[in-house]
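One-letter residues, chain by chain:
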Amino acid sequence: MFAFMGLLVNNPDHGFCRDCLTLQRTVAPRCEACGSPRLLRHPELYRLHIAHVDCDAFYAAVEKRDDPTLRDRPVIIGGGKRGVVSTACYIARIRGVRSAMPMFKALEACPEAVVIKPNMEKYARVGRQVREMMRALTPLVEPLSIDEAFLDLAGTEKLHGLPPALVLARFAADVERDIGITVSVGLSYCKFLAKVASDFRKPRGFSVIGEAEAVDFLAEQPVTLIWGVGKAFAATLERDGIRRIGQLQRLDRADLMRRYGTMGDRLHSLSRGIDHRTIHPDHEAKSVSAETTFDTDLATPAELVPVLRALSEKVSARLKKAGIAGRTVVLKLKTQDFRIRTRNRQLGDPTRLADRIFQTGLQLLEKETDGTKYRLLGIGVSDLTDAGRADPPDLVDVRARKRALAEGAIDMLREKFGRAAVETGYTFGKGRNAHPPEPVDD
Ligand SMILES: [Mg+2]
């Protein structure tokens, strides 16, 4: 129960207007004050405090903001080397353009689209502005990527004089007015469902999933809604005749773990709407890295690759120990004449695996081994997040998946018997087909 504007908010019918924030005293379909139809009502509206905020078609929205002539035109952000769609605006999406779609296919679907090369520096700047506005709401902001974050607004009522739901609605309106782009908000009691909710009614959405409805709501949903269940794992479940989350709800934990290993544990919890992960603000480390300066300068892959491997192992061990993961792999080189080269690549999902860090670093290093002599090599990851989201079991590349499984097994043995007990032998130069997916954004 929450006292707000002289009313006691304990009546589920007392929703509010997302445009003027006026509390509603009736169940009329439009706001009593401004006539807007954007009303929010939910029995748990004033109790929930875990939110996921996601900018709508972020890169495209920034470009449209900066060039008003694009407003009513289909806009695709993408191109680049691999030629895929990073972001499509909603007009382009209506024509069938999707994130990660090859550009030629996108242009088949929507030949009149305006294609713009991504300007990551600009998007990062706008992303930081949005994040600053989030941090004014609560210190508990956990960014997931450039344009989305989890927020925990527990205990902020006194600070704002409003319950979290209203604070978030006001925030969404402020972002539109001050930054010129739109966001979608998901409000729930846990991270999993807050993220599901924010995706529900994009763009300019605000969806609420309460505790009382969670199990029934999930029962109807496809298994792919569960984080970590991608195409490959969904196919495994499909072979077992499982398509809906409701089918998982009927299986007990032991059964699920016997069938699907540690993923079974996650399926058991999340299918029932149980998710105890807390929100970790990213105020400490911005990246985890390791580097080494050579005794004599090195130039050839044969010399550099083993160093990269060893450093990747080091970074991975530190990530695993801290329970975190990173989404961007950063390679650092210092040339003989002290020039620093940094190269980075964003992964589709965060990693803490030595093998993924190494393979990505290797792709970056290959382009730099052009005869230049280096005195220093470093590898690291940034865009740090909670390890709970790292390395979903359905990596597209089968060999990468096998190596990830092997690495997990080695980690378990090391935990049990000590690091020296398990030494790995690697063959360099193999398994380079594990291309990380291009960054995409919704
Ligand atoms: Mg987004």
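Residues numbered from 1 in each chain as written. Predicted model: local features only at pLDDT ≥ 70, side-chain atom pairs only at ≥ 80, totals over all residues. Heavy atoms only, no water.

K.L.:
I tried to follow the packing of aromatic side chains on my own but got confused; where do I start?
P.N.:
Aromatic ring pairs are reported here in terms of the distance separating the ring centres and the angle at which the planes meet. Across all of its chains, the model carries six aromatic pairs by this definition. Taking the centre distance of 6.5 Å and the plane angle of 50° together, the rings of F16 and Y46 count as tilted. With F16 in strand β3 (residues 16-17) and Y46 in the loop between β4 (39-40) and β5 (50-55), the pair connects residues that are 30 residues apart, well separated along the chain. Each member of the aromatic cluster is reached from another via a ring pair, and the members are F58, Y59 and Y123. Of note, R93 hangs over the ring of Y90, and the distance from its end group to the ring centre comes to 4.5 Å. Note that R309 overlies the ring of F358, its terminal NZ or CZ placed 4.5 Å from the centroid. (Phe/Tyr/Trp six-rings, centres within 6.5 Å; stacked < 30°, edge-to-face > 60°. Helix = DSSP H or I, 4+ residues; strand = E, 2+ residues; numbered from the N terminus. Lys NZ or Arg CZ within 6 Å of the ring centre and 35° of its normal.)

K.L.:
For this particular structure, what's the right way to read the sheet that holds strand β7 (residues 84-88)?
P.N.:
The strands that make up a sheet pair up through hydrogen bonds in the backbone, lying either parallel or antiparallel. Reading across the sheet, the three strands line up as β7-β6-β8 and stay open at both edges, with mixed pairing between neighbours. Where the open sheet ends on each side, the last strands, each with one partner, are β7 and β8 (114-116). The sheet shows a mean angle of 40° between the axes of neighbouring strands, direction not considered. (Pairing = 2+ DSSP bridges. Axes fitted to C-alpha atoms, helices over the stretch in contact; angles between N-to-C directions.)

K.L.:
So what exactly am I meant to see when it comes to the coordination of the magnesium ion here?
P.N.:
The textbook angles at a metal center are 109.5 degrees for a tetrahedron of four donors and 90 or 180 degrees for an octahedron of six. In this structure, D54 (OD), C55 (O) and D147 (OD) serve as the protein donors to the magnesium ion, at separations of 2.2 to 2.4 Å. Sequence spacing among the residues donating to the magnesium ion works out to D-C-x91-D. With C55 in strand β5 and D147 in the loop between β9 (141-145) and β10 (148-152), the pair connects residues that are 92 residues apart, well separated along the chain. Note on accessibility: C55 and D147 belong to one class, buried. (Donors = N, O, S within 2.8 Å, 3.2 Å for Na, K, Ca; no water. Buried < 20%, exposed > 50% of the residue type's maximum accessible area, 1.4 Å probe, protein only.)

K.L.:
Just checking my understanding: could you explain the packing of helix α1 (residues 58-66) against helix α4 (residues 120-135) for this structure?
P.N.:
The description of two packed helices rests on the angle between their axes and on the distance between the axes. Packing of α1 against α4 leaves a shortest axis separation of 10 Å and a crossing angle of 95°. In terms of axis orientation, α1 runs roughly perpendicular to α4. Between α1, through F58, Y59, V62, E63, R65 and D66, and α4, the contact on the second element is made entirely by M120, K122, Y123, V126 and G127. Taken together, the residues of the contact of α1 with α4 break down into six nonpolar, one polar and four charged. (Parallel < 35°, antiparallel > 145°, perpendicular 65-115°, else oblique. Contact = heavy atoms within 4.5 Å. Nonpolar A, V, L, I, M, F, W, Y, C, P; charged D, E, K, R; others polar.)

K.L.:
Teacher, can you tell me more about the pairing of strand β6 (residues 75-79) here?
P.N.:
Note on strand geometry: in a regular strand, side chains alternate between the two faces of the sheet. Most of β6 is tucked away: five of the five residues are buried. In terms of strand pairing, β6 meets β8 through three bridges, oriented parallel. Within β8, the residue paired with I76 across the bridge is V115. Where β6 meets β7, four bridges bridge the pair, whose relative direction is antiparallel. In the strand pairing of β7, G79 is matched with V84.

K.L.:
What exactly am I supposed to notice about the nonpolar core here?
P.N.:
General note: in soluble globular proteins, nonpolar side chains tend to be found buried as a group. Counting 59 residues, the largest nonpolar core has F16, F58, L151, F171, I181 and L187 as its most contacted members. Membership of the second largest hydrophobic core comes to 25 residues, among which are V305, V315, L365 and L384. (Core = buried A, V, L, I, M, F, W, Y, C linked by side-chain atoms within 4.5 Å.)

K.L.:
What am I meant to see in the pairing of strand β16 (residues 374-386) here?
P.N.:
With 11 of its 13 residues buried, β16 lies for the most part within the structure. Pairing between strand β13 (residues 287-298) and β16: eight bridges, direction antiparallel. Across the sheet, residue A290 finds its bridge partner in β16, namely I379. Bridge count for strand β14 (residues 324-335) against β16 is 11 bridges, and the pairing is antiparallel. Among the inter-strand pairings, I324 is bridged to a residue of β16, identified as D386.

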